[in-house]
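The lines below spell out each chain.
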Amino acid sequence: MQLIDMVLELPLSIQIPAAVVAVVLAGWIVWMGLLRSIFRRNLFAAIANPDVAERRLRAHYRPTTILMRSRLIEAVARRGNREAIALSGIDRLWVERLRRLHRTRDAKRVLAFASDTGLFTVFLVALKKRSVAAQFKKWLDDSGDLLMLRRVALTGAGDDFDGATAHDLLSDRLDEVREMTGDPEWKARYLAVKIILHDTDPRAERALWDAFLDANAIVRAAVVREFHPADQDRLYEALFDRYLQDPVFEVRASARLRIARQFPERLRLEPKKLSEVEAFHVLQLLQDGSSEDEAVAFHYIEHKSRELRLPAAIYLQKIGALNRIFRQASLGDRDAFDRTEARLRAAAEVNVSGFLSDVNLENSASLMLAARLLQTIGDASVLVSVAERAFALPEGEAIHADIVETVLDAISRRGGEESLRLMARELERAHRNESRAAGILTRIPARGEGIFAPVLLRLLKDDATAARTAVESALVALPTAALLPELLAILEEGRERHSHQVRISAVRVIGRMQLPFCLQYLIENLPTLRPEDAREFTATIAGFAGKAFEQRVRQILDGPDAIMRAAMILSLPATGDKSYLKTIRETVSDSDPDVRIAAVWALHLYGESRSVNQAIDLLRDPVERVRREAATALGVEGTAATLQKIHAMIGDENEVNAVKRSAIEGLGRSQEPKSIALLAKILMERNDWDDDVVAALASKRSKKQVTAIIEELKDAEPTVRAKLTRVFRMMGREGEQAMVDLLQEDIASLRPSITAVLDDLGYIEATIRMLSNRDADVRRSAATALAAIGTAPAFRGIVLAARDPDPEVRVQVTRALEKLATASGKKILAQLEEDPDRKVRKYTQWAMERVRSKSL
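Below: a short report on this structure. What you see as residue numbers is a count from 1 along each chain, following the sequence as written. In keeping with the model being predicted, local features are shown solely for residues with a pLDDT of at least 70 and side-chain atom pairs are shown and tallied solely at 80 or more, while totals for entire chains, interfaces and linings include all residues. No hydrogens and no water enter the side-chain calculation; it runs on all heavy atoms of the structure.

### Digging into the nonpolar core
Soluble, globular proteins show a tendency: their nonpolar side chains are buried together.
1) Next: What makes a nonpolar core is a set of buried Ala, Val, Leu, Ile, Met, Phe, Trp, Tyr and Cys residues whose side-chain atoms join them at distances within 4.5 Å. Only protein chains enter the calculation, and the probe is 1.4 Å; a residue is then buried if its accessible area is under 20% of its type maximum, exposed if over 50%, and partly exposed in between. Formed by 208 residues in total, the largest nonpolar core has its most connected members in Phe123, Phe136, Phe161, Leu427, Leu441 and Leu456.
2) Next: By definition, residues are in contact when any of their heavy atoms lie within 4.5 Å. Contacts of Leu456, omitting those with residues within four sequence positions, involve Leu427, Leu441, Ile444, Val471, Ala474, Leu475 and Leu478.
3) Next: One finds Ile710, Ala738, Tyr763 and Ile764 within the second-largest nonpolar core, a separate group that totals 55 residues.

This is how it looks when you write it as structure tokens:
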């Protein structure tokens, strides 16, 4: 018919002759009949063999085509072939079209042929369309089955529907509906509950209260949302119980929403009273814009249970609270800053770290927090912007230095290529700032070798590089093999291209790499190094090169180059191998001055005192620098007889002062007791070497050495006593403490001399001032020292400490004051009792009374 209409609507000028139309129409009718015949044949083939139903019907025809054959399929079914409905799949198609279009004819078909799957859909449409409602009610009445409503419910899937309309539709079956509230199937209970929510029968209300604990969440959610009993208190309790206890989120969410709408003033949570499960449920349903809920979330963000931290962190991230505290952090209140860091770290530990991308680059506290957190957690790409800002902070402020170091730690641990390149650029910019450069150099990760290796080589070659030792360590730590040729090139290019310190650095780095195949490079460059560095690396080389090293050493010692031989001789003691001693002793008389110097010092470093003393002839060496070095070495290692010869040399008017100064220095470093007497003798004999001798004696600070100096001071003339007092002044605190320790040993012969020196140094007055220190340990130490000194000036301080609040201080005072009751202490006591300071007199009288009564 559509085809005919289209033809008739054509303009008159192009209308097709009627005969043609008739032919086309006839063809169309034949074609449609043929299609219907083919469909019928396929349908009956499926009925005969259900296995072909999918191939010949459901997969072969579109759903719209199958629906067009509804009458045919219905007719076949009515003639006894009801299986045609399921085989063609048209029952499902009828149900779907009924749900969309609400056609009454489809409702009849579903009721007649698809009651097992579509009854609930018919019920839903019946609530919206009267004609379908009439068909549905008639079908219920005609069925005569008391459980037909249950069948309807079981074909549903928990779809929501208008319970009030359903209550009116089934008003004559409410008893049957109420009975369904006890059905074992939740779908039946759900249908019943939705309907009786609008029933006023007391039996319905009781069933609804029971439904709060129904086994199915959809049923519980229905009563939570829609139940309106008269008892509002009981309702609130039921809702609150579901809010905290229900295991299904949908039910809890419904309960929380209804409480917020109907009982907002009643909801008061006490986190401390909640179990972990209850707290978890609460945290999942915190409301945006609620300050109370935000406080609850912050309460749980640091909870030991990460299970509770997670929902708290998710909520705080969602409402922007984590971003807020992150951006607004302050270093002014350290406790608040630490609390903020703890909260943010707790969130990040449960993978909630989106706030890190919102760092406040203008806030030092926010930068510090970002750097600390990014060391272990969060998006490492954020480090780039954080590092750019941190590196631009003004230098000189301690907090800025802390931020930079923390950022460097984060980059070292987790930084990507971009942040590592930023770190390398900062290193080049700050290479003249020793502390800043060292902070970077010590944090270069192995994965950054490709970025940092060329930078480190440039810094090594730059004489202006401040943290040179750190640069060397960083180069050694890198695993790259490309460094060695560059380092060897520095040695080969020599002094024309590189400074002495650059070549030293190259040798040190190669040595610390411990590469056996670089042995000859290292040995030949030993003279480049300072003696102490040469010894360190010689020990290292000997450790990894073994016999090859021994062979090269012999070659050097037998070779002609004096500088090489001297450097090697001076380095050999570090190996601990004494097989070289015979050769070294022989070189004491070598023709080269540097070799002779190296030999005597090598013997000293080997601890060969006897051999050093045998080198006494070097004191008369024709070369001044040899005599100078020999004097120092012999002074350090010399026996009493050797030291006597050194003393004689100091008095030799023909010797140069440089040699004499070295001899005095050697005496100062000597552990021989005779050295102290000889130095004191120089002070007594002459005045031109006072400063050097005082400095040499001041280096002797052991208790034994201090005792020896005091012995010299005890019987010395006033001028010499003054010089020796300078010795103790130069020793500083260490010398003073050594003298106090000697006093505690109560050596009567030394006491007057020691106390006199301490008085001259102002030690007693300084110690008395320490009695007013806030630190009890400092006051105890001061009281102990004053008690050991035991002079009248010391006791002036002791009596003032008699009322110290610390019991240990008072114990020291008591022990000291008990001495005043002795015969030897009466003179001091008399001086204290007549002291011009009234406070001293008063405290002396008070303290002595308590000492006598033992109640201080």
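Moving on, there is more to tell.
### A word on the packing of helix 30 (residues 468–477) against helix 32 (residues 500–513)
1) Next: To define axes, lines are fitted to C-alpha atoms, for helices over the stretch in contact only, and angles between the resulting N-to-C directions are given on a 0 to 180 degree scale. By the criteria applied, helices consist of DSSP H or I runs no shorter than four residues and strands consist of E runs no shorter than two, each listed in order from the N terminus. Between helix 30 and helix 32, the shortest axis-to-axis distance is 9 Å and the interhelical angle comes to 35°. Once helix 30 is placed against helix 32, the crossing between them reads as right-handed. Here helix 30 contributes Arg468, Glu472, Ser473, Leu475 and Val476 to the contact with helix 32, which in turn contributes Gln501, Val502, Ser505, Arg508, Val509, Arg512 and Met513.
2) Next: For the contact of helix 30 with helix 32, the residue count by class is five nonpolar, three polar and four charged. The handedness criterion is simple: a crossing whose near helix is rotated anticlockwise from the far helix by less than a right angle is left-handed, and one whose near helix is rotated clockwise is right-handed. Side-chain classes follow a simple rule in which Ala, Val, Leu, Ile, Met, Phe, Trp, Tyr, Cys and Pro form the nonpolar group, Asp, Glu, Lys and Arg form the charged group, and the remainder, Gly included, forms the polar group.

### Some details on the side chain of Asp293
1) Next: Summarising the element assignment, Asp293 is placed in helix 20 (residues 291–300).
2) Next: With near-sequence residues (within four places) excluded, Asp293 lies in contact with Arg256, Leu286, Gln287 and Tyr315.

### Some details on the environment of Leu267
1) Next: Note on placement: Leu267 falls in the loop between helix 18 (249–262) and helix 19 (276–284).
2) Next: Beyond its immediate sequence surroundings of up to four residues, Leu267 is in contact with Tyr236, Phe240, Tyr243, Arg256 and Ile259.

### Overview of the pattern of salt bridges
Two side chains that carry opposite charge are able to pair once their charged atoms sit near each other.
1) Next: The salt bridge criterion pairs a side-chain nitrogen of Lys or Arg with a carboxyl oxygen of Asp or Glu, the two atoms within 4 Å. Overall, the coordinates contain 57 salt bridges when judged by the stated rule.
2) Next: In this structure, Arg508 and Glu472 form a salt bridge, with 2.7 Å as the shortest nitrogen-oxygen distance. In this pair, Arg508 sits in helix 32 while Glu472 sits in helix 30, placing the two residues 36 residues apart along the sequence.
3) Next: Take Arg508: its relative accessible area is 9%, and that puts it in the buried class.
4) Next: Its relative accessible area of 2% is what places Glu472 among the buried residues.
5) Next: It is possible to trace a salt-bridge network through shared partners that takes in Glu74, Arg78, Arg97, Arg105, Asp106 and Arg109.

### Focus on the packing of helix 8 (residues 104–113) against helix 9 (residues 115–126)
1) Next: Closest axis-to-axis distance for the helix 8/helix 9 pair is 7 Å, and the angle between their directions is 140°. Judged by the angle between their axes, helix 8 and helix 9 are oblique. Pair helix 8 / helix 9 crosses with left-handed handedness. Between helix 8 and helix 9, the contacting residues are Ala107, Val110, Leu111 and Phe113 on the first element and Ser115, Gly118, Leu119 and Val122 on the second.
2) Next: Broken down by class, the residue content of the contact of helix 8 with helix 9 amounts to six nonpolar, two polar and no charged. Put simply, angles under 35 degrees are roughly parallel, angles over 145 are roughly antiparallel, angles from 65 to 115 are roughly perpendicular, and the rest are oblique.

### Quick look at the packing of aromatic side chains
1) Next: Only Phe, Tyr and Trp rings are paired, with Trp represented by its six-membered ring, and only when their centres lie within 6.5 Å; those with planes under 30 degrees apart are stacked, over 60 edge-to-face, the remainder tilted. Under the counting rule described, the total for this entry stands at 15 aromatic pairs.
2) Next: Ring geometry for Phe326 against Phe355: centres 5.6 Å apart, planes inclined by 75°, an arrangement best described as edge-to-face. With a gap of 29 residues between them, Phe326 in helix 22 (residues 321–327) and Phe355 in the loop between helix 23 (334–348) and helix 24 (364–374) connect regions that are remote in the sequence.
3) Next: Ring pairs connect the aromatic residues Phe120, Phe123, Phe136, Trp139, Phe161 and Tyr190, which therefore count as one cluster.
4) Next: Think of it as a cone above the ring: NZ of Lys or CZ of Arg counts as a charge over the ring if it is within 6 Å of the ring centre and within 35 degrees of the ring normal. Just above the ring of Trp209 sits the side chain of Arg234; from NZ or CZ to the centre is 4.0 Å.

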